Every structure is written in C-alpha cells, then in structure tokens.
Amino acid sequence: MTQAKPVRVIAVASGKGGVGKTNVSANLGMSMAAMGKQVMLLDADLGLGNVDVMLGVHPVYNLSHVISGERTLEEVIVEGPAGLQIVPAASGIKRMAELKPGEHVGLVRAFSELNNDVEVLIIDTAAGISDSVISLTRAAQEVLVVVCDEPASITDAYALIKVLNQEHGIDKFHVLVNMVHSVQQGHDLFAKMLKVTDKFLDVTLDFIGTVPYDDYLRKAIQRQRAVCDAYPRSRSALAFKKLAQVIDKWPMPGSARGHLEFFVERLIQNKSDQWLVENVS
C-alpha cells in the first residue's frame, strides 16, 4: 500500500465552455508527468466527458460504472501517454450530469481508497456553476480558472469565482489566460478581471501565465494527442511546460480545512506523522 503522502489537488475550471479548459488540464497533466510526477487526471465533466477522446485512449469502463457500483474507482483508471493516470467520465449519460450531493461525496471519498501512487490530481471540471462543478472544485486545494479574451468568458469566470467565494468561502484563485496572441494581451485581460474582483469581491487572484494561440494545438487535437506529446517544441507546449514548473513550486497544503476534500486522509496522516517526528525524536 502507498504510504500516506499529501496529494496536490488542482481543479481546472472556466465558467464558460469553449475556452480550452480540457486542453489545459490534459497538457498540464502531461507536462507534470514528463517532470517525473505521478499524475492523475479526473475527467469531471461527468455526463459529457471527452478527455479520453482528446488523448486517444479507449476505456472499457468509466465513472458511471463506479456510481452504479459495477466497478471500483481503481478498476476504471486507464493509463495514458507519459504514464498519466486517467479517470474517464461517461459521455451522453444524462444521469451522470445530475448526481445528487451524496453521490458527489461518495465520489470524492472513493479516491481515499485508492492504492495508486499519486502526487498530483488534476480535476477537469465541467463548464458552468452546476452542483457537480461546485462540489468537486470545493474539494480541491487549488482552483485554476481558465479564461480567454472574449466578454462571455470573462463574465462567466467572474460568476464562478463569485459563487465559490461568497457561498463556499474560497478566497484564492489562479488565473490562466488561454489562446492569446501576445503576452501583453494576457496581462491586459487579467487586469480587467482584477479590477472587477477587487471592487466587488474579497478574493486574491494569482496570474500564473498565458498560453498562446497555436495552430499546432489544433493539429494535436485532430491527432488525438496532447500538444506537449505531439509537438513538444511548439509555442503552446513550451507554455504548458513552464506552467507545470510554476505549479510544482506551489507550497503543499499544511492541513485539512474541515470539509469534504480529495485525499484528505493522506493529508491528515502526513500531518500526524510530522507531529510524531517533531515531538518524539
């Protein structure tokens, strides 16, 4: 069995669909795996999952079989490129998009029973502010909000941040600006978001970078591969690698926060082990 080690849990969210959130999740996962990290990617667009399609893997089972009790979580995990562990979602199953709160709780807790070596869990959430998005994002330690330079993307990202902050107490968000034509465009968009959040919300926004608009990214999608794998020297691939290095330097969480969290038992056990070392030695 794996010794209890804290797992870095990152929810990748967007508010609006079509901003490249799943691409960010997949390429971030691939980039961190290429750094030697043991990475798991959870496709949390529960009823319309497509991470498996994007990465060209063909799972036999998915999360719908876990919810129904037909398979354990460990049995549905498939290995993707670079050793990336993928938890596939169902596609076209309406019930999966309408899970009850207790089922969300059961799904999060199922991860605590895994024996897999995991250092990083990336949660590719669905777009919007549905109950599943809120529940699974709230159960993560870090929230990475993906935006692009269009009004609906900015408006919906703000709406997501507002709900998570005012109704669930999350006060820090990392912002990634996707599909930019220049680095300055990304900084300008972030400044717009910051101006609004500073005025109306009590939150901290952390600008973690940009991903350029890149034809190689589109070519990679058509080939059902991550751009980091298919075109590793492309501008977007290099941006994802840089992003992975930035995230790897984030401090690990020091303690559980007292509500539903992914891998919370490992966090508690690690804290207990640290206490023993500090007080018994």
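Predicted model only: the values in this text are computed from it and were never measured.

(A) Region of interest: the nonpolar core. Counting 40 residues, the largest nonpolar core has Leu28, Leu55, Leu144, Val227, Phe240 and Ile247 as the members making the most contacts within it. Each residue touching isoleucine 247, except ones within four places of it in the same chain, is listed here: Arg8, Ile10, Leu28, Met32 and Leu144. Core analysis: the next-biggest nonpolar cluster, separate from the first, contains 29 residues, Val66, Ala90, Val108 and Leu114 among them.

(B) Focus on the sheet that holds strand E4 (residues 85–87). Taken together, 8 strands build an open sheet; the order of strands is E3-E4-E2-E5-E1-E6-E7-E8 and the sheet is mixed. Two strands lie at the open edges of the sheet, namely strand E3 (78–79) and strand E8 (204–212), each paired on one side alone. Here 8 bridges tie strand E7 (residues 172–180) to E8, and the two strands are oriented parallel to one another. What sits directly across from asparagine 178, in E8, is valine 211.

(C) Up close: the packing of helix H1 (residues 21–34) against helix H11 (residues 235–248). Relative to each other, H1 and H11 sit at 70°, their axes nearing to 9 Å. With respect to their mutual orientation, H1 and H11 come out roughly perpendicular. Residue-level inspection shows Asn23, Val24, Asn27, Leu28, Ser31 and Met32 of H1 in contact with H11, the latter providing Phe240, Lys241, Leu243, Ala244, Ile247 and Asp248. Looking at side-chain class alone, the contact of H1 with H11 contains 7 nonpolar, 3 polar and 2 charged residues.

Parameters at a glance
Residues numbered from 1 in each chain as written. Predicted model: local features only at pLDDT ≥ 70, side-chain atom pairs only at ≥ 80, totals over all residues. Heavy atoms only, no water. Core = buried A, V, L, I, M, F, W, Y, C linked by side-chain atoms within 4.5 Å. Buried < 20%, exposed > 50% of the residue type's maximum accessible area, 1.4 Å probe, protein only. Contact = heavy atoms within 4.5 Å. Pairing = 2+ DSSP bridges. Helix = DSSP H or I, 4+ residues; strand = E, 2+ residues; numbered from the N terminus. Axes fitted to C-alpha atoms, helices over the stretch in contact; angles between N-to-C directions. Parallel < 35°, antiparallel > 145°, perpendicular 65-115°, else oblique. Nonpolar A, V, L, I, M, F, W, Y, C, P; charged D, E, K, R; others polar.

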